[in-house]
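The lines below spell out each chain.
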Amino acid sequence: MILQQGLPLLYQHFTALFKKNLLLSWRNKRSTCLQLFSSFFFILVIFCIEEAMKASEASSSAYKNVTDPTLLFSLPILPCEDKFFVKLPCYDFVWSGNNSRRVTDIVSAILTIRGDQFRPTRLGSYSVQSFKAPEEVDAWFMSHALQVPGALHFVERNATIISYGVQTNSSSEKKRGRIEDPTFKFLVPLQIAAEREIARSLIGDPKFGWDFGFKEFARPAIIAEVISALKVMGPIFFLAFSMFGFVLQLGSLVTEKELKLRQAMTMMGVFDTAYWLSWLTWEGLLTFVSSLFLVLFGMMFQFDFFLKNSFFVVFLLFLLFQFNMISLAFVLSSFISKSSSATTVGFLVFLIGFITQIVSATGFPYSNAYPASRRVIWSLFPPNTFSAGLKLLLDATSTPASSGISWSERAVCEGGMSTCVLSIDIIYQWQVGTFLFWFVLAIYFDNIIPNASGVRKPIFYFLTPGYWTGKGGNKVEEGSIFSCIGSVPPVEHVAPEDQDVLEEETLVKQQAMDGIVDPNIAVQIHGLAKTYPGTTKLGCCKCTKTSPFHAVKGLWMNIAKDQLFCLLGPNGAGKTTSISSLTGINPITGGDAFIYGDSVRSSVGMSNIRKMIGVCPQFDILWDALSSEEHLHLFASIKGLPPASINSTAEKLLADVKLTGAAKVRAGSYSGGMKRRLSVAIALIGDPKLVFLDEPACPHANSSFNGTTGMDPITKRDVWDIIQESKKGRAIILTTHSMEEADILSDRIGIMAKGRLRCIGTSIRLKSRFGAGFVATVSFTESKKDYRNAAGDSHEPVKRFFNEHLKVEPADENKTFMTFVIPHDKEKLLTGFFEELESRKSEFGISDIQLGLATLEEVFLNIARRAELESATVEGTMVTLDLESGISIEIPVGARFVGIPDTENAENPSGIMVEVYWQQDGSGSMCITGHSSEMRVPQNVQVTRPPSPNALGHKGLRQAVRGIVIDL
């Protein structure tokens with residue numbers, strides 16, 4: 001199949017990724033609608049606030065033409081509760097001069113005439129308070145703030161002269177748009193009442209009175225700047241509106257990085273240019289629509305800001321601002337590893353933008369009073385220039401007579417060209433410049449910030465000529481840009497102990513020296529080594545150092561075409577690291593590898609390799625919102641398949657993995673097994689010559705699954721059938737934790753441990769070389785004849801027969817069968833032994849005899865245990881073994897046979913031992929699961945002998961013991 005290349009492939013990547021973004025937004029309708037139509041709710045809220053402000057100011061005549069003012073007649077003394085701000089209990093007024101009988105009568109007359117307005121308090125007195133002198137009133141005011149609206153002060157000079165004064169707070173109060181003027185509300189009523197009652201007292205006529213009224217001048221409406229809700233709250237609301245798209249965009253980018261979807265697309269060969277352009281185009285389209293809706297909604301609600309200013313001037317301001325926020329989201333996505341942090345980051349950006357808006361309202365730094373350098377730095381943050389642009393447009397429509405800013409006036413500076421440093425046109429220039437600045441910075445940070453695998457490019461990668469020519473420009477480094485990477489120590493070459501591994505290494509080295517290219521070899525690995533260098537990270541007030549770690553220590557191996565090679569090993573053995581190095585995810589430290597002749601160390605070679613390989617990583621490279629059919633279309637386009645063949649290829653692969661019925665179903669509703677089958681199908685797109693299957697039958701959505709043990713038998717068999725069918729015409733490298741899976745599928749098996757290849761060969765060869773031996777199972781029939789010995793053991797003759805001929809004891813037994821493990825060195829005796837045993841079946845009551853090799857799982861555990869023992873011997877790693885006798889001894893990790901101290905005697909010079917049982921824990925380390933009962937040391941076993949506790953005292957219980965365990 002001919003794949004697309006060059007610009008057609010770039011365009012195909014772009015269209016496929018753009019369609020992916022479109023589908024994800026369409027499936028997530030709630031977020032998309034929120035991004036597009038949230039402006040309606042913000043405009044509606046501003047409109048409601050604006051109408052409320054207008055309604056509250058409707059009673060004020062300040063902004064109206066008043067030709068015939070209303071006449072206000074004598075005003076009553078109002079209850080103190082009518083004051084806007086008052087503390088209870090309150091008093092209607094207080095007065096001084098209670099030492100005069102005449103003054104007291106005057107106040108009583110005021111209270112009598114207006115008695116309906118004064119209510120008795122809980123103490124039974126009127127809501128007034130009397131004092132002797134004004135000084136006492138002032139002192140009372142100090143301790144009773146906000147408890148009375150006014151005071152009357154009376155002084156009787158003589159029989160014909162009574163002086164009075166009125167005391168109120170002259171400060172006006174405002175509450176919910178209403179203004180309280182204390183002069184007309186409280187002072188004038190007290191003055192009218194006091195003067196009337198003083199006159200009546202002096203004249204002696206209690207019915208004497210007069211009418212008193214107020215009337216303001218006729219006047220035109222005051223033309224002043226209207227303080228609108230849009231001007232006060234618009235900038236904050238518009239910034240909050242833009243945060244929806246910003247947070248959603250940031251979350252989408254980080255999610256793809258967190259789920260390693262971006263890494264999977266990179267392995268498939270996606271162009272970074274197509275990736276970023278697809279996101280920019282889609283988010284730009286959403287931004288265009290949301291900005292358009294915002295302006296239209298503003299015009300619909302009849303805001304002068306949107307009606308008087310030019311449509312294109314306002315629209316372009318919002319559009320460019322949101323484009324700036326897109327590029328800012330691109331930058332921040334490089335520093336965030338968790339999608340859950342996107343909302344937090346969005347809130348912080350909004351908070352910072354809110355604070356800078358307040359600062360910008362003071363005129364900083366867009367005036368001649370500040371140097372240009374401050375304006376440059378300040379304008380790099382998009383909300384700052386946006387806020388400045390909003391201020392210009394709001395000021396242009398601040399009064400009813402304002403005409404706004406037209407498109408032709410966008411370059412006109414407010415205040416004149418000689419003093420102005422900012423105009424709408426300058427704002428546009430800043431927004432375009434900052435967008436390009438953040439977008440370029442986003443691409444730069446995306447390359448130098450470590451990705452999900454901890455790999456990045458050098459800080460000055462763009463200065464390398466190879467980056468622009470495409471030859472050698474993909475050199476990468478590891479570690480944070482804030483860490484100092486030490487020198488990488490070379491991997492010490494250790495000659496393989498296994499003969500098969502040594503022969504394989506010798507063959508590959510000879511081919512490399514002779515320059516022989518075997519056409520039947522798909523992958524040639526020449527001393528592949530991967531070392532994670534030690535780093536020094538400079539954190540807050542501390543320095544963290546890490547030591548170098550050799551993950552792969554010189555791998556020499558050939559993988560043939562039309563062959564499934566299974567790579568086994570415990571966790572941390574180097575399997576996934578080897579695959580990551582071969583697929584270009586991690587740079588290799590030493591050696592090289594050739595895939596169909598192309599080197600993985602060459603950027604050009606790696607580009608060719610990605611066109612011919614398929615990868616099914618440990619994790620599912622799936623979007624929950626996309627169906628299996630859409631996944632295959634996407635990755636087929638990335639792989640470069642011709643558009644005309646994509647549909648047929650997807651249909652065939654769906655049929656192969658038995659997902660045709662679920663082709664339209666979203667992957668988020670798939671089971672773990674269905675997801676792994678889809679991941680295998682993605683790896684097979686484009687008929688790759690080499691396929692990497694990293695634990696393909698392990699549904700990693702559930703960490704309790706190990707291999708295919710978490711699958712039902714049908715699903716497990718389906719996955720195996722898919723892999724078997726895929727072997728035709730290509731090489732496959734498979735890793736798995738299921739020994740049954742490896743035994744059935746593999747043509748050749750290699751087992752790694754501690755970064756080295758420990759054995760290689762077919763399943764049968766590995767079992768014969770590294771298993772405990774042959775496993776013989778003897779089944780018994782029910783017989784009338786009883787073979788019980790004195791101890792009551794009915795199968796004693798069979799035990800004695802095996803012991804006399806082969807020197808072995810049963811490994812497992814019950815009433816119906818016995819199992820014996822026969823060492824490999826007894827292989828020559830087996831023919832005659834089983835012929836004789838077959839002839840005596842009726843004598844021993846035997847119904848069936850089965851003979852087989854050890855399981856692959858036993859081989860795997862033996863290899864892992866030996867590797868752990870080797871490592872423990874070098875590093876001195878010990879674990880504690882607690883015996884039933886109460887003795888605790890320390891033994892090397894992986895030691896199998898351990899002698900018990902002080903059990904040797906003349907009758908039994910070899911002493912007593914126990915067999916220690918090991919298995920891997922969740923982290924891949926060997927741990928003790930138990931031990932056998934105490935037994936005599938066989939002649940063919942060399943044991944690890946700890947020092948005697950009696951000889952070493954209490955410390956001997958924890959004495960480190962080093963030994964070599966040899967199974968003969």
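Residues numbered from 1 in each chain as written. Predicted model: local features only at pLDDT ≥ 70, side-chain atom pairs only at ≥ 80, totals over all residues. Heavy atoms only, no water.

## So, the overall build of the protein chain
Note the following rule: The numbering of helices and of strands both runs from the N terminus, where a helix is a DSSP run of H or I of at least 4 residues and a strand a run of E of at least 2. Note on exposure labels: buried denotes an accessible area under 20% of the residue type's maximum, exposed denotes more than 50%, and partly exposed covers the range between, all computed with a 1.4 Å probe on protein chains only. Residue contacts are counted whenever heavy atoms from the two residues lie within 4.5 Å of one another. The accessible surface values rely on the Shrake-Rupley method and a 1.4 Å probe; as for residues, cover is taken only from the protein chains in view.
Broken down by element type, the protein chain carries 29 helices and 33 strands. Per-residue burial over the protein chain gives 48% buried out of 968 residues. Counted over contacts in the protein chain with a minimum sequence separation of 6, partners at least 24 positions apart contribute 70%. Of the accessible surface of the protein chain, which amounts to about 47300 Å², a share of 58% is contributed by carbon and sulfur atoms.

## Quick word on the environment of Phe288
With respect to the secondary-structure elements, Phe288 resides in helix α8 (residues 272-300). When the C-alpha positions of Phe288 and Gln322 are compared, they lie 8.7 Å apart, and in sequence the two are 34 residues distant. Excluding residues within four positions of it along the chain, Phe288 makes contact with Phe315 and Leu319.

## Examining the packing of aromatic side chains
Just so we agree on the cut-off: Note on ring pairs: Phe, Tyr and Trp rings are taken, using the six-membered ring of Trp, and paired if centres are within 6.5 Å. Classes follow the plane angle, with under 30 degrees stacked, over 60 edge-to-face and the rest tilted. The criterion for a charge sitting over a ring is simple: Lys NZ or Arg CZ within 6 Å of the ring centre, and within 35 degrees of the ring normal.
Under the counting rule described, the total for this entry stands at 41 aromatic pairs. When the centroid spacing of 6.1 Å and the interplanar angle of 55 degrees are considered together, the rings of Phe42 and Phe244 count as tilted. A residue pair is termed long-range when its members are at least 10 positions apart, and Phe42 in helix α2 (residues 29-56) and Phe244 in helix α6 (residues 229-258) qualify at 202 residues. The structure contains a cluster of three or more aromatic residues connected by ring pairs, namely Phe37, Phe40, Phe41, Phe47, Phe293, Phe297, Phe301 and Phe303. The ring of Tyr275 is capped by Arg262, whose NZ or CZ atom sits 4.3 Å from the centre of that ring. A cation over an aromatic ring shows up here: Lys509 above the ring of Trp556, its NZ or CZ 5.1 Å from the ring centre.

## Some details on the pairing of strand β1 (residues 93-96)
For clarity, the cut-off: Each pair of strands is called paired provided DSSP finds at least two bridges between the two strands.
The two faces of β1 match: Phe93 and Trp95 on one face and Val94 and Ser96 on the other face are all buried. Note: β1 against strand β2 (residues 128-131), four bridges, orientation parallel. Note that in β2 the partner of Trp95 across the bridge is Ser130. For β1 and strand β3 (residues 150-156), the ladder comprises three bridges, and the chain directions are parallel.

## Describing the nonpolar core
In plain terms, the rule: In plain words, nonpolar cores are sets of buried Ala, Val, Leu, Ile, Met, Phe, Trp, Tyr and Cys residues tied together by side-chain atoms within 4.5 Å.
Grouped together as the largest cluster of nonpolar side chains are 135 residues, with contacts concentrated most on Phe306, Phe318 and Phe635. Looking at this core element by element, the count peaks at 15 residues for helix α10 (residues 311-333). Beyond its immediate chain neighbours, meaning those up to four positions away, Phe306 contacts Ile43, Leu230, Phe238, Leu294, Val295, Gly298, Met299, Val314 and Phe318. Core analysis: the next-biggest nonpolar cluster, separate from the first, contains 33 residues, Ala593, Ile595, Met612 and Val615 among them.

## Brief notes about the UniProt feature "transmembrane region" (unreviewed entry) in the protein chain
Threshold: UniProt positions are given in the numbering used here, feature names are shortened, and annotations may be inferred rather than shown by experiment.
UniProt records the feature "transmembrane region" (unreviewed entry) for residues 236-254, 274-299, 311-336 and 342-366 in the present numbering. Annotation note: span residues 274-299, helix share 100%, strand share 0%, distance between end C-alpha atoms 37 Å. End C-alpha atoms of residues 342-366 are separated by 32 Å, and the span's content is 76% helix alongside 0% strand.

## Let's talk about the packing of helix α13 (residues 382-395) against helix α14 (residues 424-448)
Our working definition: The axes are straight lines fitted to the C-alpha atoms, using for helices just the contacting stretch, and the angles between their N-to-C directions are given from 0 to 180°. An angle below 35 degrees is read as roughly parallel, one above 145 as roughly antiparallel, one from 65 to 115 as roughly perpendicular, and any other as oblique. Here a crossing is taken to be left-handed if its near helix is turned anticlockwise relative to the far helix by less than a right angle, and right-handed if that turn runs clockwise. Three categories are distinguished: nonpolar for Ala, Val, Leu, Ile, Met, Phe, Trp, Tyr, Cys and Pro, charged for Asp, Glu, Lys and Arg, and polar for the others, with Gly belonging to the last.
Close contact between α13 and α14 brings their axes to 10 Å; oriented N to C, the two are set at 165 degrees. Comparing the axis directions of α13 and α14 gives the class roughly antiparallel. For the element pair α13 and α14, the recorded crossing hand is left-handed. Of α14, the residues touching α13 (which contributes Pro382, Thr385, Phe386, Ala388, Gly389, Leu392 and Leu393) are Ile424, Ile427, Trp430, Gln431 and Trp438. Looking at the contact of α13 with α14, its residues break down into nine nonpolar, three polar and no charged.

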